[in-house]
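Residue-level structure breakdown
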Amino acid sequence: MAENIYDSILKQIEGFDPSVEAVEVGYVEVVGDGIARVSGLPNVRFNELVRFENGTAGIAFNLESDNVGVTIMGDYGEIQEGDTVSAMGRIASVPVGEGLIGRVVGALGNPLDGKGPIASDEFYNMERIAPGVMERKGVDRPVQTGLLAIDAMIPIGRGQRELIIGDRQTGKTAVALDTIINQKGEDLYCIYVAIGKRRGEVARIVATLEEHGAMDYTTIVMASASDAAALQYMAPYAGCAIGEWFMENGKDALVIYDDLSKHAAAYRQVSLLLRRPPGREAFPGDVFYLHSRLLERAAQLSDERGGGSLTALPVIETLLGDVSAFVPTNVISITDGQIYLESELFYSGQRPALNTGISVSRVGGSAQTTAMNKVAGGLRLQMAQFRSLAAFAQFGSNLDRETQRQLDRGLRLNELFKQAQYQTLAVEEQIILIYAGTNGLIDEVPVDRVGEFKLDFLRALRGQYSDLAKDIRANTDKRLSEELTARIEETIQGFLQTWS
């Protein structure tokens, strides 16, 4: 018996493989307001994750000669001076892949929806280098928002960066949500990044998307108003990394940052607490780089790289319509155009409250289908002329017949552009409505009944005239033939004869 015990111990000693794992450990010198100064981590890297003694994570943000400035990604109330801090050995990263579809996650990729762990074994760094010039190609495929005014006059392409800008409560988030809802069946994965929003508001957004079946292809990344400023700062980069996985695997993705004004404010808070020198409006000097390195990651990849795309729709909130403030001008200069939503138009009942004078898409007709481009080509010019004529007509001077006709047509087009939230339109429906408005087919419809006509006609188009809609959808990549335009005119005139 003793020999057996002796042999067993001897085997264990012979099989023992001594291994030493060296872990760098630092100590908290100062802690407060979501920031900790840590000494004793000489080899820690920028953006590397660290773990405090109580299990809270942090990110190495300031690398100084004698200490490291760490932003705390959670509750800092239990962290004390003298607590140990260890480097985790990996740069801040998030899980990526199809396992995130339909999930609500935090800025570090942790699940927040109570549906269990994320089914993913692949991680992407939050901060990644944007694709180079030779890895990209031109933007030439549309992202249909389902909003008539935007798809017709300010088209968005796959791989584009289009800013949504306006005062608070002007419908910026509504435009973003309509765009997500309209992607059903369009093979476009959506990532909605909620920055600094109330948790109740995000819960309503998730419920709305579930109601319309949009969570089947959508991921929500949330850093709420009650979360640490560091989490609000990292959330957009996490959302972008999740979208990049789809892009690099030959798929198309859309990422919405709602909103980058709160993102810049969170970054300002973290920077000032870490004693970085402030500049204009107390923002640090690298606030331009903050957003440019994020938005430049949106791209349409070349065929050699798989042809995937990542489209970015950043949102910026202005104060009293001031688009020339520091952060709005920065983001306008980075993006490929902007959708400007105006308070006065919103309160007058024009929704979406699109100001066609300031709004622009620098991709233009390249991001439209051929049929839409042909039908809506002169629409922006028509609306611009209408606005100048409407301003002139306010003086009450006598107008000639042609000017009055232009005014009347502009009023009817304005009514056509009004659209209720979550009531998106298919591209063939948009083409028919624009053709009707720009070619005078509804000039006899009273202005106050154009909205009623639109609803009734769309109902008929989805029912008795569905063959016409199918034929136009099949030919959206070509110019509308004379036969199709004749059928459109005949259909509208026939409907007007029976419509009362």
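Since the model is a prediction, treat every value here as computed from it, not as a measurement.

Describing the overall build of the protein chain
- In terms of helices and strands, the protein chain carries 16 helices and 19 strands.
- Judged by the C-alpha coordinates and their principal axes, the protein chain covers about 110 × 55 × 45 Å.
- Counting across all 500 residues of the protein chain, residues that qualify as buried make up 54%.
- Long-range contacts, defined as pairs at least 24 residues apart, comprise 74% of the intrachain contacts of the protein chain with a sequence gap of at least 6.
- Taken as a whole, the protein chain presents about 22700 Å² of accessible surface, with 49% of it coming from carbon and sulfur.

So, the nonpolar core
- Membership of the largest hydrophobic core comes to 138 residues, with the highest contact counts inside it found for M153, I180, L209, Y257 and F457.
- Looking at this core element by element, the count peaks at 14 residues for helix α5 (residues 229-248).
- L209 has contacts with L177, I180, I181, A214, M215, T218 and I220, leaving out every residue within four places of it along the chain.
- Among the nonpolar cores identified, the runner-up in size contains 13 residues, and V38, L41, A60 and I72 belong to it.

Concerning the side chain of N182
- In this structure, N182 sits in the loop between α3 (172-181) and β13 (188-195).
- Owing to a relative accessible area of 14%, N182 belongs among the buried residues under this scheme.
- Polar side-chain contacts of N182 include one of 3.2 Å to the side chain of T424.
- Setting aside residues no more than four positions away along its own chain, N182 makes contact with Q144, T145, G146, T424 and L425.

Comments concerning the packing of helix α13 (residues 427-438) against helix α16 (residues 482-498)
- Direction vectors running N to C along α13 and α16 enclose 75°, while the axes themselves pass 11 Å from each other. Relative to α16, the element α13 is oriented roughly perpendicular. The segment α13 lies against α16, with I432, Y435 and A436 engaging T485, I488, E489 and I492.
- A class-by-class count of the residues in the contact of α13 with α16 yields five nonpolar, one polar and one charged.

What about the sheet that holds strand β4 (residues 57-63)?
- The strand order around the closed barrel formed by six strands is β1-β2-β5-β4-β3-β6, and the pairing between neighbours is antiparallel. Pairs of neighbouring strands in the sheet enclose a mean axial angle of 45°, with direction left out of account.
- Sheet topology places strand β2 (residues 35-39) next to strand β5 (residues 68-72); four bridges connect them, and they run antiparallel. Residue pairing for β5: V38 is matched across the bridge by V68.

So, the packing of aromatic side chains
- By the definition in use, this model includes 14 aromatic pairs.
- Both rings, one in Y189 and one in F246, keep their centres 4.5 Å apart while their planes meet at 15°; by these two values the pair is stacked. Highlighted residues: Y189 in strand β13 and F246 in helix α5, separated in sequence by 57 residues. In this pair, the class of Y189 matches that of F246, namely buried.
- Of the aromatic side chains, those joined through ring pairs into one cluster are F46, F61, Y233, Y237 and Y267.
- Note that R90 overlies the ring of F123, its terminal NZ or CZ placed 5.7 Å from the centroid.
- Sitting over the ring of W499, R449 keeps its end group 4.4 Å from the ring centre.

Structural notes on unusual backbone geometry
- The linkage connecting D258 with the following residue, D259, adopts the cis geometry, with an omega of 0°.
- Here D259 lies in the loop between β15 (252-258) and α6 (260-273).
- Each neighbour pair has its own omega, and for R351 with P352 the value is 5°, a cis peptide bond.
- In this fold, P352 is placed in the loop between α9 (343-347) and β19 (360-361).

Considering the pattern of salt bridges
- Scanning all chains against the criterion turns up 28 salt bridges.
- Here K251 makes a salt bridge to E98, at a shortest N to O gap of 3.5 Å. On the criterion of sequence distance, the pair formed by K251 in the loop between α5 and β15 and E98 in the loop between β7 (93-96) and β8 (104-105) is long-range, its members being 153 residues apart.
- Judged by relative accessible area, which is 25%, K251 ranks as partly exposed.
- When the shortest N-O distance is used, the salt bridge between E415 and K418 registers 3.1 Å.

Structural notes on the packing of α3 against helix α4 (residues 199-211)
- Relative orientation of the contacting elements α3 and α4 amounts to 30°, with a least axis distance of 10 Å. Judged by the angle between their axes, α3 and α4 are roughly parallel. Handedness of the crossing formed by α3 with α4: right-handed. The residues of α4 that touch α3, namely those facing T173, L177, I180 and I181, are I205, T208 and L209.
- Tallied by class, the residues present in the contact of α3 with α4 amount to five nonpolar, two polar and no charged.

Points about α6
- Taking 1.5 Å per residue as the helical rise, α6 with its 14 residues ought to reach 20 Å, and the 20 Å between its terminal C-alpha atoms agrees with that figure.
- Turning to α6, its buried residues number three or more, namely L260, S261, H263, A264, A266, Y267, V270 and S271.
- Of the residues that open α6, the one with a side-chain oxygen 3.0 Å from the backbone nitrogen of S261 is D259.
- Two residues or fewer past α6, R275 is found with a positive phi of approximately 65°.

Some details on the environment of L274
- Relative to the helices and strands, L274 is located in the loop between α6 and α7 (287-295).
- Judged by its relative accessible area of 1%, L274 is buried.
- The contacts of L274, once residues within four sequence positions are left out, are I35, R37, F61, N62, G69 and T71.

Focus: the pairing of strand β14 (residues 218-223)
- Taken across its six residues, β14 has six buried, putting it largely inside the fold.
- Side chains of β14 alternate between two faces, with T218, I220 and M222 and T219, V221 and A223 buried alike.
- One ladder, built from two bridges, connects β8 with β14; its direction is parallel. By the bridge assignment, V104 is partnered in β14 with I220.
- Bridging between β13 and β14 involves six bridges; their strand directions are parallel. Counted as the bridge partner of A194 is M222 from β14.

About the thresholds
- Residues numbered from 1 in each chain as written.
- Predicted model: local features only at pLDDT ≥ 70, side-chain atom pairs only at ≥ 80, totals over all residues.
- Heavy atoms only, no water.
- Helix = DSSP H or I, 4+ residues; strand = E, 2+ residues; numbered from the N terminus.
- Buried < 20%, exposed > 50% of the residue type's maximum accessible area, 1.4 Å probe, protein only.
- Contact = heavy atoms within 4.5 Å.
- Areas by Shrake-Rupley, 256 points an atom, 1.4 Å probe, with all protein chains shown as cover.
- Core = buried A, V, L, I, M, F, W, Y, C linked by side-chain atoms within 4.5 Å.
- Polar contact = N/O pair within 3.5 Å; in protein donor to acceptor, adjacent residues only side chain to side chain.
- Axes fitted to C-alpha atoms, helices over the stretch in contact; angles between N-to-C directions.
- Parallel < 35°, antiparallel > 145°, perpendicular 65-115°, else oblique.
- Nonpolar A, V, L, I, M, F, W, Y, C, P; charged D, E, K, R; others polar.
- Pairing = 2+ DSSP bridges.
- Phe/Tyr/Trp six-rings, centres within 6.5 Å; stacked < 30°, edge-to-face > 60°.
- Lys NZ or Arg CZ within 6 Å of the ring centre and 35° of its normal.
- Salt bridge = Lys/Arg side-chain N within 4 Å of Asp/Glu carboxyl O.
- Left-handed = near helix turned anticlockwise from the far one by under 90°.
- Expected span 1.5 Å × (residues − 1).

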